[in-house]
Amino acid sequence: MSGETKSKKKYEIDMCNGAILPKLLAFTLPLMCSSVLQLLFNAADIIVVGNFAGDTALAAVGSNTALINLLTNFFLGLSIGANVLVARFYGAKAEEDVSDTVHTAMLLSVFSGIILTVIGCIGARPEDVLPLATTYLRIYFIGMTSMMVYNFGSAILRAVGDTKRPLYYLSAAGVINIGLNLLFVIVFRMSVAGVALATVISET
């Protein structure tokens with residue numbers, strides 16, 4: 001067995017054989033932690049701008065939360081569809097179907113990210129919302145492709161029982177996000193643009 005195969009097996013959980021409770025806990029705990037970490041991304045932005053950039057910047061970041069969550073959750077739902085298909089084909093040992101589904105899902109993630117970036121950058125207009133909120137939204141949407149690739153990639157890994165690696169990637173991104181938030185806002189005085197740029201870089 002090659003090193004790559006051993007690495008894959010180490011992260012995969014076989015739910016069909018052996019005691020179910022330890023495997024269920026090993027699967028769900030990283031999944032729950034990942035969900036909490038995703039929520040903390042926007043919370044970190046709000047905390048940093050609230051403490052170091054003032055009330056106006058805080059309102060600008062907070063006003064975008066509902067729209068961002070709406071779009072993210074829509075495509076998260078699509079990624080769950082990919083998760084179901086990959087799990088089904090993986091369980092049936094249909095490797096060609098798994099490969100086709102993975103490639104299609106990743107292609108969809110890239111295209112949907114690009115479409116959201118274009119719509120977000122064009123659709124966010126200063127005359128419609130606060131200029132600071134527009135700045136945050138436009139920069140945030142630049143990172144949509146990275147976010148879509150992460151969400152679809154995570155769904156595919158979870159389909160084969162791997163919930164640990166998505167958590168590791170998200171944890172690393174979270175640390176980078178907080179560090180860059182503090183750097184851009186406190187040191188470079190970039191305010192709303194700084195936290196949005198930190199989010200885009202950390203997600204990428």
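Look above for the structure.
A brief structural summary. (Residues numbered from 1 in each chain as written. Predicted model: local features only at pLDDT ≥ 70, side-chain atom pairs only at ≥ 80, totals over all residues. Heavy atoms only, no water.)

## Details of the overall build of the protein chain
Within the protein chain one finds nine helices and zero strands. Written out in order from the N terminus, the α and β elements of the protein chain read α-α-α-α-α-α-α-α-α. For the protein chain, the proportion of its 204 residues judged to be buried stands at 38%. Across the protein chain, contacts joining residues at least 24 apart in sequence account for 69% of those joining residues at least 6 apart. Only carbon and sulfur atoms are counted for the fraction: they give 70% of the accessible area of the protein chain, which is about 11100 Å². (Helix = DSSP H or I, 4+ residues; strand = E, 2+ residues; numbered from the N terminus. Buried < 20%, exposed > 50% of the residue type's maximum accessible area, 1.4 Å probe, protein only. Contact = heavy atoms within 4.5 Å. Areas by Shrake-Rupley, 256 points an atom, 1.4 Å probe, with all protein chains shown as cover.)

## Quick word on the side chain of N181
Mapping N181 onto the fold places it in helix α8 (residues 164-187). There is a polar contact of 3.0 Å between the side chain of N181 and the side chain of D45. Once residues lying within four places of it in the same chain are set aside, the contact partners of N181 are A44, D45, V48, I186, G194, V195 and A198. (Polar contact = N/O pair within 3.5 Å; in protein donor to acceptor, adjacent residues only side chain to side chain.)

## Regarding the environment of E95
Note on placement: E95 falls in helix α5 (residues 95-123). According to the relative accessible area criterion, E95 is exposed, its value standing at 67%. Through-space distance from the C-alpha of E95 to that of F27 is 22 Å; in sequence the pair is 68 residues apart.

## Looking at helix α7 (residues 144-159)
Counting along an α-helix, one turn takes 3.6 residues, and residues three or four places apart therefore face a common direction. Taking 1.5 Å of rise per residue, 16 residues should cover 22 Å, and α7 covers 23 Å from first to last C-alpha, within 8% of that figure. Positioned one or two residues after α7, G161 has a phi angle of 90°, which is positive. (Expected span 1.5 Å × (residues − 1).)

## Focus: the packing of helix α3 (residues 55-63) against helix α9 (residues 191-203)
Here α3 crosses α9 at 40°, and the two axes come no closer than 9 Å. What the angle tells us is that α3 and α9 run oblique. The interaxial crossing formed by α3 with α9 has right-handed handedness. Only S191, V192 and V195 of α9 make contact with α3, whose side of the interface consists of A57, A60 and V61. Considered class by class, the residues forming the contact of α3 with α9 number five nonpolar, one polar and no charged. (Axes fitted to C-alpha atoms, helices over the stretch in contact; angles between N-to-C directions. Parallel < 35°, antiparallel > 145°, perpendicular 65-115°, else oblique. Left-handed = near helix turned anticlockwise from the far one by under 90°. Nonpolar A, V, L, I, M, F, W, Y, C, P; charged D, E, K, R; others polar.)

## Re the pattern of salt bridges
Tallying each qualifying case throughout the model produces one salt bridge. Two residues, D162 and R165, come together in a salt bridge whose shortest N-O distance is 2.6 Å. For D162, a relative accessible area of 0% translates into the label buried. R165 sits in the buried class, given a relative accessible area of 18%. (Salt bridge = Lys/Arg side-chain N within 4 Å of Asp/Glu carboxyl O.)

## Focus on the nonpolar core
Judged by nonpolar contacts, the single largest core of 22 residues is most densely connected at Y136, M144 and V195. Within the residue set of this core, elements represented by two or more residues are α2 (20-52), α3, α4 (65-91), α6 (131-142), α7 and α9. Sorting elements by how many residues they give to this core places α6 first, with six residues. Among residues more than four places away in sequence, those in contact with Y136 are N42, D45, V61, N64, I68, V192, V195 and A196. Grouped together as the second largest cluster of nonpolar side chains are nine residues, V98, I156, A159 and V160 included. (Core = buried A, V, L, I, M, F, W, Y, C linked by side-chain atoms within 4.5 Å.)

## Regarding unusual backbone geometry
In the Ramachandran plot, K93 falls in the positive-phi region, its phi being about 60° despite a non-glycine side chain. Phi at S191 takes a positive value of approximately 55°, unusual for a residue other than glycine. With respect to the helices and strands, S191 occurs in helix α9.

## A word on the packing of aromatic side chains
Going through the model one piece at a time under the given rule, you end up with three aromatic pairs. Ring geometry for F74 versus F75: centroids 5.0 Å apart, planes at 90°, classification edge-to-face. Residue classification places F74 among the exposed positions, given a relative accessible area of 53%. For F75, a relative accessible area of 12% translates into the label buried. (Phe/Tyr/Trp six-rings, centres within 6.5 Å; stacked < 30°, edge-to-face > 60°.)

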